Amino acid sequence: MAKLRQLVAGNWKMNGTAASLAEIDALKAGIAGATADVAICPPATLIAQAAARAAGSALMIGGQDCHPKANGAHTGDIAAEMIADAGGKLVIVGHSERRADHKEPNELVRAKAEAGWRAGLLVVLCIGETEAERKAGETNAVLSKQLAGSVPEGATAANTVIAYEPVWAIGTGLTASNDDIAAAHAHIRARLAERFGDGAKAVRILYGGSVKPSNAGEILKLDDVDGALVGGASLKAADFLAIVAAAK
Ligand code: PGA
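Residues numbered from 1 in each chain as written. Predicted model: local features only at pLDDT ≥ 70, side-chain atom pairs only at ≥ 80, totals over all residues. Heavy atoms only, no water.

Caption draft 1: Expanded view of the overall build of the protein chain. Along its length, the protein chain carries 10 helices and 8 strands. For the protein chain, the C-alpha radius of gyration of 17 Å lies close to 18 Å, the compact-globule estimate for 248 residues. For the protein chain, the spread of C-alpha atoms along the three principal axes comes to 45 × 45 × 35 Å. Buried residues in the protein chain amount to 49% of all 248 residues. Considering only contacts in the protein chain between residues 6 or more positions apart, those separated by 24 or more positions represent 73%. If you average the places of the 25 positive and of the 27 negative side-chain charges in the protein chain, the two averages end up 3 Å apart. (Helix = DSSP H or I, 4+ residues; strand = E, 2+ residues; numbered from the N terminus. Rg over C-alpha atoms; globule rule 2.2 N^0.38 Å. Buried < 20%, exposed > 50% of the residue type's maximum accessible area, 1.4 Å probe, protein only. Contact = heavy atoms within 4.5 Å. Lys, Arg positive; Asp, Glu negative; His and termini not counted. Charge placed at Lys NZ, Arg CZ, Asp CG, Glu CD.)

Below, the structure written as structure tokens:
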């Protein structure tokens with residue numbers, strides 16, 4: 001099967017201070033000639049500085065979350081428009097840590113995705129089952145429900161990327177087996193095709209959950225795996241670049 005151009009996106013989560021901008025410099029230099037799209041989503045405090053440092057390179061900078069509204073009385077929140085204003089090109093929505101820590105339901109994730117589009121950002125929309133759901137044989141049902149509830153009408157390859165991240169594989173060192181990843185991605189592709197028709201073939205589906213240099217190559221080769229969303233291994237440029245090098 002012909003591969004889509006892959007996207008390797010790093011999610012720094014709540015890690016990073018000004019000193020971490022040296023990693024952006026290293027990535028900027030290291031991705032010259034990369035055959036995949038590459039992005040880093042640092043904490044909000046660093047988006048503007050990271051975007052300024054990445055300017056002139058293909059490295060995209062993004063946010064990890066956004067509020068559905070463009071502005072207003074929402075203490076501590078950040079609008080998608082603010083991410084774009086700071087030089088961001090993408091935003092992650094629906095990460096399982098947001099769904100768990102902040103009890104974000106599918107409808108809110110959907111509104112955040114629409115906010116990202118409104119601001120002209122590429123939306124990386126995360127879904128994934130918990131360990132209990134997988135053990136109960138509910139993986140496909142959970143993924144279908146999350147897709148139906150959190151992907152807005154109007155999703156296209158140009159405005160949306162789906163990230164499949166089994167919750168039990170995030171930050172644990174555990175990765176799903178290649179068969180499980182391939183099965184989940186095929187299921188996601190089929191659900192997208194039902195809703196969005198032929199255009200769904202070009203929507204990139206990333207895998208996330210303990211992706212590292214040692215397993216990136218085999219994961220990124222799988223059918224319907226169009227890139228990776230990387231947490232821990234994105235904090236050091238050397239590790240992240242090794243993952244980028246494994247992508248197409
Ligand atoms: P991890 O995180 O690579 O540290 O498992 C992935 C993610 O949460 O996006």
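Still more to cover.
Caption draft 2: Representation of the pattern of salt bridges in the model. In total, this model carries 18 salt bridges according to the counting rule given. A salt bridge links Arg118 to Glu81; its shortest N-O distance comes to 2.7 Å. Residue Arg118 is located in helix α5 (residues 106-118), and its partner Glu81 is located in helix α3 (residues 80-85); the two are separated by 37 residues in the primary sequence. One salt bridge in this structure joins Arg134 and Asp180, with 3.4 Å as the shortest N-O distance. Of this pair, Arg134 sits in helix α6 (residues 131-135) while Asp180 sits in helix α8 (residues 178-196), and the two are 46 residues apart along the sequence. Residue classification places Asp180 among the partly exposed residues on the basis of a relative accessible area of 29%. Put simply, Asp65, Arg98, Glu104 and Lys112 are held in one network by salt bridges that share partners. (Salt bridge = Lys/Arg side-chain N within 4 Å of Asp/Glu carboxyl O.)

Caption draft 3: Representation of the layout of surface pockets within the structure. Taken as a whole, the largest pocket encloses approximately 560 Å³ of empty space. Taken together, 20 residues form the lining of the largest pocket, with Ala44, Gln64, Asp65, Arg98 and His102 sitting closest to its centre. Element by element, the count of residues in the lining of the largest pocket is highest for helix α4 (residues 96-101), at 3 residues. When grouped by side-chain class, the residues that make up the lining of the largest pocket number 8 nonpolar, 6 polar and 6 charged. Here the second largest pocket is characterised by a volume of approximately 230 Å³. Taken together, 17 residues form the lining of the second largest pocket, with Arg99, Gly128, Glu133, Val142 and Gln146 sitting closest to its centre. Breaking the lining of the second largest pocket down by element, the ones donating at least two residues are α4, β5 (122-127) and α7 (139-150). Here the lining of the second largest pocket is built from residues that sort into 6 nonpolar, 7 polar and 4 charged. (1 Å grid on protein atoms, 1.4 Å probe; cavity = no way out; pocket = protein on both sides within 12 Å on 5 of 7 lines; lining within 4 Å. Points joined across faces, edges and corners; volume = space filled by probe spheres on them. Nonpolar A, V, L, I, M, F, W, Y, C, P; charged D, E, K, R; others polar.)

Caption draft 4: A look at the site of the ligand. The environment of the ligand is formed by 13 residues, the closest being Lys13, His95, Glu165, Gly171 and Ser210. Within the contact set of the ligand, an oxygen atom lies 2.7 Å away from a side-chain nitrogen or oxygen of His95. At a separation of 2.6 Å, an oxygen atom of the ligand approaches a polar backbone atom of Gly171. In the complex, 95% of the free accessible area of the ligand, which totals 280 Å², lies under the protein chains. Residues belonging to the shell around the ligand are distributed by class as follows: 4 nonpolar, 7 polar and 2 charged. (Near = heavy atom within 4 Å. Polar contact = N/O pair within 3.5 Å; in protein donor to acceptor, adjacent residues only side chain to side chain. Areas by Shrake-Rupley, 256 points an atom, 1.4 Å probe, with all protein chains shown as cover.)

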